[in-house]
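Examining the three-dimensional arrangement
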Amino acid sequence: MAQDASSIEDEAFDFIIIGGGTAGLVLANRLTIDPKVSVLVIEAGADRLKDPKVTTPGLVSLMYDDPKYDWSFHTLPQENLYGKRVSHSRGKVVGGSSAINVLALIYPAQSSIDAWAKLGNKGWDWETLAPYYRKFHTFNAPSDETTEALATSYIDEAIQGKSGPIQSCFPEFHGPLGKAWPETFKNLNFALTSDPLSGQSTGGFTFLSSVDPRTRERSHAGSAYYAPIVDRPNLHLLTDTLVEKIVFAKSETATVTATGVQFTHKGSCQVRKARNEVLLCAGVFNSPQILELSGVGSSKLLQSHGINVVVESLNVGENLQDHPMTGMSFEVVDGLATRDMVRDPKIIKGAMEAYQSSRKGPMSSTAHSVASLPVVEFLSEKGRSELDQLLDTCARASATPESPPFQSSQHAIIRSILKSPNEGSIIIGLSNGQMHFNKALQKDIWGITDPGNFMSFLVALAHPFSRGTVHISSPSPSDPPAIDPRYLSHPMDVEILARHLRFIPTIAETQPLASLVKEGGRRLPENMDISSIDAAKEHCKRNLITNNHPCGTCAMLPYEKGGVVDERLRVFGVQGLRVVDASVFPMIPRGNIQSSVYAVAERAADLIKEDWQ
């Protein structure tokens, strides 16, 4: 249970988990099933399991850029975005980002996961990982009314999770936009091809949410993996505790072993020892930061900050990937209810009362419409030829002597995905309210600042070519790392993104969605121009935000190909240290990464138990 460090002052633990977030709490739950195994979890944020902003689906945007919930990271100025600094929301509470995200359970394509094995990670293909996508969740069937309204009959219950901690369901509160979405894509010849959990689907559909249908509250790692086992005597949780570094010991044979963790708790610097392993689950930005602060990283970088080098690991903090996103908003017909209406105090009061009294109404759900598509204009014979030419031209433009060791193999996989008509190169989402893609802060992007009611189309690049970095900015653990995604640094990314953006008006003009768009209504951003491919590229550069899916900075790859951890997630050059979070993804999967973090953590728990039986 959550406690004070003084109560465990003289204890050593079998495992110390750095980070009580999505992955860390999966490990804590699974490892402490054995009563003989003791685990300490160290979390920088607070325990907000009962906080209404966390539990209420419709209040999610209120946590963004609030230091009580959000690390509120910002990138370095992005060269290809005219110097824009993009804000990233990462959960700083028990439950991590699963406690503040938009609750979307969107599963990856099989090709996304098979790519991990192709890059040299034996046992990390779709066949091996698919059971873990089922293990973490329980599917709850919708009502007949919802099945009809949201076209959810695509669900194959045989492949859904039946006993996992995370509860998944469809929203029982839905309006005309949710009903129109799958029908519109069917009319565009992009009807959903199969259950997304099969790994083989494209098209438009209503996605599952990580919401408990019994309470209509968020189901996240804190509430589902931690809360039910809070009284296990072999599990200990320290909150509001900042990890400073991992402690190492070096043997006479120069073997380096992680032996514990140094942290600050209530103003006191302390160390706790780990008998078996330290498990680093601090997330895509904090995990490489903690490795570097501990002396694991590039010697040139570490020495520039006065940090003693324990293990030379050139790839720590490299290979950063994300789903860059842009979009536009359309004003809807008069009388159509959207999220924008909560600007009226009476409406928000009524919505909260409905939720508190009966768990119904708009506060019980978030957006739930999405689509995965290839670039439409590349599907023709002429289009395929143009795609080949673009890929060749952009490949030559991006190749340099300084290219990272993973670039050629990763780019070859992305190229094969883009050339397949059965693979989606974009994720398009629908938000029932206005969005401001020209803003930097998350709270401003989602802010209701303009008059009128809108629907917004979000266009996120599924398989970016661009790669960035995350590195320490100082030797202090209190200073945020320097985050440089290098958005759109590979020219192919803006080519793909711009072409998908230009398809958005076609979607909005297709029935039945077209009947909900106000004739002559406003669009956001104001005065936007996507009339040509060059104009659309300019829109992307000036209106790019993140889909909050960063990963890859402690990549699971062979060391010579840019890896930080091996296929058992053990850090190269160190004994007793693993990384388990989105930073180990060698390539970003299509769709929201929440489900993949859960699946990887579930498999990691099995690997750890195998190694310590």
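Residues numbered from 1 in each chain as written. Predicted model: local features only at pLDDT ≥ 70, side-chain atom pairs only at ≥ 80, totals over all residues. Heavy atoms only, no water.

Counting across every chain of the model gives 15 aromatic pairs. For the pair phenylalanine 136 and tyrosine 598, a centre-to-centre distance of 4.9 Å together with 15° between the ring planes defines the contact as stacked. Taken together, the residues span a long stretch of sequence, with phenylalanine 136 in the loop between helix H4 (126–135) and strand E6 (137–139) and tyrosine 598 in helix H17 (residues 594–612) at a distance of 462 residues. Side by side, phenylalanine 136 and tyrosine 598 carry an identical accessibility label, which is buried. Judged by centre distance (5.5 Å) and plane angle (85°), the ring pair of phenylalanine 330 and phenylalanine 457 falls under edge-to-face. Of the two residues, phenylalanine 330 sits in strand E18 (residues 324–331) while phenylalanine 457 sits in strand E21 (residues 454–461), which places them 127 residues apart along the sequence. For the pair phenylalanine 330 and phenylalanine 457, one class covers both residues: buried. Of the aromatic side chains, those joined through ring pairs into one cluster are Trp181, Phe185, Phe330 and Phe457. Here lysine 92 stacks its cationic end above the ring of tryptophan 71, 4.4 Å away from the centre of that ring. Positioned over the ring face of tyrosine 82 is arginine 542, at 4.0 Å from the centre of the ring. (Phe/Tyr/Trp six-rings, centres within 6.5 Å; stacked < 30°, edge-to-face > 60°. Helix = DSSP H or I, 4+ residues; strand = E, 2+ residues; numbered from the N terminus. Buried < 20%, exposed > 50% of the residue type's maximum accessible area, 1.4 Å probe, protein only. Lys NZ or Arg CZ within 6 Å of the ring centre and 35° of its normal.)

All right, on to the UniProt feature "domain: Glucose-methanol-choline oxidoreductase C-terminal" (unreviewed entry) in the chain then. Under the feature "domain: Glucose-methanol-choline oxidoreductase C-terminal" (unreviewed entry), the UniProt entry names residues 464–601. Taken end to end, residues 464–601 has its terminal C-alpha atoms 24 Å apart, with 25% of it in helix and 9% in strand. (UniProt positions renumbered as here; feature names shortened; annotations may be inferred.)

Here the focus is the pattern of salt bridges. As enumerated under the stated definition, the model contains 24 salt bridges in all. The salt bridge partner of arginine 359 is glutamate 217, with a shortest N-O separation of 2.9 Å. Here the residue arginine 359 occupies a position in the loop between helix H10 (345–358) and strand E19 (369–373), and glutamate 217 occupies one in strand E11 (residues 217–218), the gap between them amounting to 142 residues. A relative accessible area of 27% places arginine 359 in the partly exposed class. Two residues, arginine 522 and glutamate 526, come together in a salt bridge whose shortest N-O distance is 2.5 Å. What makes arginine 522 partly exposed here is its relative accessible area of 26%. Members of the salt-bridge network, linked through shared partners, are Glu277, Arg568, Arg578, Glu610 and Asp611. (Salt bridge = Lys/Arg side-chain N within 4 Å of Asp/Glu carboxyl O.)

With respect to the helices, strands and loops of the structure, serine 583 is situated in the loop between strand E26 (577–579) and H17. Ignoring any residue separated from it by four or fewer positions in sequence, one finds serine 583 in contact with Gly283, Val284, Ser287, Gly552, Thr553, Cys554 and Ala555. (Contact = heavy atoms within 4.5 Å.)

The next point concerns the pairing of strand E14 (residues 256–265). Along any regular strand, the residues point their side chains to alternate faces of the sheet. Buried residues dominate E14, accounting for seven of its ten residues. From the end of strand E13 (residues 241–250) to the start of E14, which pair antiparallel, there are five residues, and alanine 254 there has a positive phi angle of about 75°. Two elements, E14 and strand E15 (residues 268–280), share six bridges in a ladder whose sense is antiparallel. Note on E15: the bridge partner recorded for phenylalanine 263 is glutamine 270. From the end of E14 to the start of E15, which pair antiparallel, there are two residues, and lysine 266 there has a positive phi angle of about 55°. (Pairing = 2+ DSSP bridges.)

With that out of the way, let us pick up the nonpolar core. Formed by 151 residues in total, the largest nonpolar core has its most connected members in Leu27, Ile246, Leu291, Met455, Phe457 and Leu577. If you look at the next biggest cluster of nonpolar residues, it comprises 16 residues, including Val60, Tyr64, Tyr69 and Ala99. (Core = buried A, V, L, I, M, F, W, Y, C linked by side-chain atoms within 4.5 Å.)

Right, let's talk about the pairing of strand E12 (residues 235–238) for a bit. Neither face of E12 is exposed, since Leu235 and Leu237 on one face and His236 and Leu238 on the opposite face are all buried. In this structure, strand E2 (residues 39–42) lies alongside E12, joined through four bridges in parallel fashion. Paired with leucine 40 across the two strands is histidine 236, which belongs to E12.

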